[in-house]
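Architecture and fold: a report
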Amino acid sequence: MAENWYSRAYSYDYDGTSAYKIKEYDKYNEETQKKQDEKKQGRLKQAAVNHKKTFIVTGVVFAVAIAFLYANVMLIRVCAKYDELTASLEDIKVRNTQTSFEISSGIDLAEVEEKAKMEFGMQQPESHQNVYVEVVQSDYAETTQQPVSEGNFTDKMISGLKSFLEYIR
């Protein structure tokens, strides 16, 4: 049988059907299938990594949002407590003013003097028992340091040296 160039380039197998099976095509088909499978695995791995990244970013954004909301809730609570305490302080000031007015209007000095004389046996001081002290207030202050004179560099050096010598003695 005469061989042609086509039959020499490819080797054929006969598998019992009317068609011939080309070995090189099967190798090419297997290699192509392996490459496609590897690419598919790579795409699946990349998709899994992308899903993980998306999940992590979403989780971080969610955590930051929750932290922000929590901080705002705490700020609102503190402001409400501040407002409540301020209102309470104002109420206490009003009651204090009212009580002070009631006390000052309820005290009669003649009544106090009479009660002091009757119940406690107190009496008004006599003229020789009063002692008046006159306090002289003056508007000056004494300094404990000597004033620093504004001079040139040599004057300052000489005064510093004198001070040092006095300290050593």
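Conventions adopted
Residues numbered from 1 in each chain as written. Predicted model: local features only at pLDDT ≥ 70, side-chain atom pairs only at ≥ 80, totals over all residues. Heavy atoms only, no water. Salt bridge = Lys/Arg side-chain N within 4 Å of Asp/Glu carboxyl O. Helix = DSSP H or I, 4+ residues; strand = E, 2+ residues; numbered from the N terminus. Buried < 20%, exposed > 50% of the residue type's maximum accessible area, 1.4 Å probe, protein only. pLDDT = per-residue confidence, 0-100. Contact = heavy atoms within 4.5 Å.

1. Some words on the pattern of salt bridges
Here the structure, examined in full by the defined rule, presents two salt bridges. Residue R95 is joined to D91 by a salt bridge in which the shortest nitrogen-to-oxygen separation is 3.6 Å. Residue R95 and its partner D91 are located together in helix α2 (residues 23-106), separated by four residues, close to a single helical turn. Using a relative accessible area of 41% as the deciding quantity, one classes D91 as partly exposed. A salt bridge links E113 to K117; the nearest nitrogen and oxygen atoms lie 3.3 Å apart. One end of the pair is E113 and the other is K117, both in helix α3 (residues 109-120) and four residues apart, which spans about a single turn.

2. A short note on the confidence of the model for the protein
Confidence along the protein averages 81 in pLDDT terms, with 79% of residues attaining 70 or more. Element-level pLDDT for the protein is lowest in helix α1 (residues 5-9), with a mean of 49, against a maximum mean of 89 in α2. Here residues 5-9 is modelled with pLDDT under 50, and outside its nearest four sequence neighbours on either side it reaches five contacts, counting other chains as well.

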